[in-house]
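A structural walkthrough
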Amino acid sequence: MKTLRDTWLVFQRHMLLLTRSPLSILLGVAQPVIYMALFAPLLKPALASMGADSMTDAYRIYVPGMLVALALGGGLYVGFGLLAELASGVVERARVTPVSRAALLLGRALRDVVVLVVQAAVIIVLAMPLGLFVHVPDLLLAYAMLALITLTSSAVSYGIALKVTDPNALGQVVNNIAQPLMLLSGTLLPLALAPLWLRRISDVNPFSRAVVGMRALFAGHAGDSSVWQSIALLGAVALVALAWSARLFARSVR
């Protein structure tokens, strides 16, 4: 119970800081919106192999992949905020408090989930006039998958930030992780266009399964096996990532 209470307190603090800088949420939405408005119309021929016979079909395939990319990429870059707190002594001052060390991670990760949900909601609303339609139950399942992806990526980012205290080095490490994961998950371009050896490599990427599950949800196929398999896989990956990062927090902030 103490960990839950401390997590809620840390979450409230970071949400308060976030409300004082709403521009960060808008900036996070800006790039995906640009991609959706300018890049998606060019993908209709490429997405034809996945059943995109119209722009509506193209957006139903493209938007879920873009949301996964946003959850994955956005979460992996939150470690820079932790480095800023380490440099300013915020985390150092936590050493003298009785707050749970795991809560320092969980509270931040939940804040990152809220940011992702808001950004995803904005993108989905903007995509509706373009023909995108999702049933509410399917949308809630999609949000759950995005939350698990964000928990995983943010936990990994915080863990790397604790290991690599140099912002320049952190940027290089994150880029080297984010780009292959996105390319091998088919977030922007379908993996059906890739050679066989690349598709085999993508099979071990849990986020490629998440993209398949998300697209099934946006197509209205909540009962598809890919949905529940991806949720179970993402849940397991999130638990491992959170446990690893929480252990690093416990060791670093004593």
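Structure's up top.
Heads up: these notes are all about the structure in this document. Model, not experiment: these values are computed from the prediction.

Criteria and cut-off values
Residues numbered from 1 in each chain as written. Predicted model: local features only at pLDDT ≥ 70, side-chain atom pairs only at ≥ 80, totals over all residues. Heavy atoms only, no water. Helix = DSSP H or I, 4+ residues; strand = E, 2+ residues; numbered from the N terminus. Buried < 20%, exposed > 50% of the residue type's maximum accessible area, 1.4 Å probe, protein only. Contact = heavy atoms within 4.5 Å. Areas by Shrake-Rupley, 256 points an atom, 1.4 Å probe, with all protein chains shown as cover. Salt bridge = Lys/Arg side-chain N within 4 Å of Asp/Glu carboxyl O. Core = buried A, V, L, I, M, F, W, Y, C linked by side-chain atoms within 4.5 Å. Patch = residues over 30% accessible without salt bridge, like charges linked within 9 Å, V, L, I, M, F, W, Y side chains within 5 Å. Phe/Tyr/Trp six-rings, centres within 6.5 Å; stacked < 30°, edge-to-face > 60°. Axes fitted to C-alpha atoms, helices over the stretch in contact; angles between N-to-C directions. Parallel < 35°, antiparallel > 145°, perpendicular 65-115°, else oblique. Left-handed = near helix turned anticlockwise from the far one by under 90°.

So, on to the overall build of the chain. Each helix and strand counted, the chain has twelve helices and zero strands in total. Shown N-terminal to C-terminal, the secondary structure of the chain runs as helices and strands in the order α-α-α-α-α-α-α-α-α-α-α-α. Residues classed as buried in the chain amount to 48% of the 254 residues present. Once local pairs closer than 6 in sequence are excluded, the contacts in the chain between residues at least 24 apart make up 79%. In the form shown here, the chain has an accessible surface area of approximately 12300 Å², with 69% of it arising from carbon and sulfur atoms.

Another point: the environment of Leu 106. Along the chain, Leu 106 turns up in helix α7 (residues 101–127). A C-alpha to C-alpha distance of 8.1 Å links Leu 106 and Val 10, two positions 96 residues apart in sequence.

This part is about the pattern of salt bridges. Under the counting rule described, the total for this entry stands at one salt bridge. Salt-bridge contacts for Asp 112 lead to Arg 111; the nearest nitrogen and oxygen are separated by 2.8 Å. The buried category is assigned to Asp 112, whose relative accessible area is 8%. Residue classification places Arg 111 among the buried residues on the basis of a relative accessible area of 17%.

Now for the nonpolar core. Val 63, Leu 67, Leu 146, Ile 149, Met 214 and Phe 218 are the most contacted members of the largest nonpolar core, which totals 58 residues. Those elements that place two or more of their residues in this core are α4 (55–76), α5 (79–88), α7, α8 (136–163), α9 (167–183), α11 (206–218) and α12 (225–252). The dominant element in this core, judged by the number of residues it contributes, is α8, at twelve residues. Beyond its immediate chain neighbours, meaning those up to four positions away, Phe 218 contacts Arg 60, Val 63, Pro 64, Leu 67, Ile 124, Leu 132, Phe 133, Val 134 and Ala 142.

Let us look at a nonpolar patch on the surface. A cluster of nonpolar side chains, namely Leu 23, Leu 26 and Leu 27, defines an oily patch on the protein surface of about 340 Å² accessible area. Relative to the assigned elements, Leu 23 resides in helix α2 (residues 23–39). For Leu 23, a relative accessible area of 53% translates into the label exposed.

Moving on, we come to the packing of aromatic side chains. Enumeration over the complete set of coordinates arrives at two aromatic pairs. A ring pair is formed by Trp 8 and Phe 11, whose centres lie 5.5 Å apart and whose planes are at 35°; its orientation type is tilted. Here Trp 8 and its partner Phe 11 are both found in helix α1 (residues 2–19), three residues apart, which amounts to about one turn of the helix. Phe 11 gets classed as buried once you look at its relative accessible area, which sits at 14%.

What follows concerns the environment of Asp 166. Counting through the fold element by element, Asp 166 comes out in the loop between α8 and α9. Looking at Asp 166, the relative accessible area reads 38%, which means it is partly exposed. For the pair Asp 166 and Phe 80, spaced 86 residues apart in sequence, the C-alpha separation works out to 9.4 Å.

At their nearest, the axes of α4 and α7 sit 11 Å apart, and the two run at 160° to each other. Of the possible angle classes, the one that applies to α4 and α7 is roughly antiparallel. Here α4 runs over α7; the crossing is right-handed. Residues Val 63, Met 66, Leu 67, Leu 70 and Ala 71 of α4 touch α7, and the partners they reach there are Leu 116, Gln 119, Ala 120, Ile 123, Ile 124 and Ala 127.

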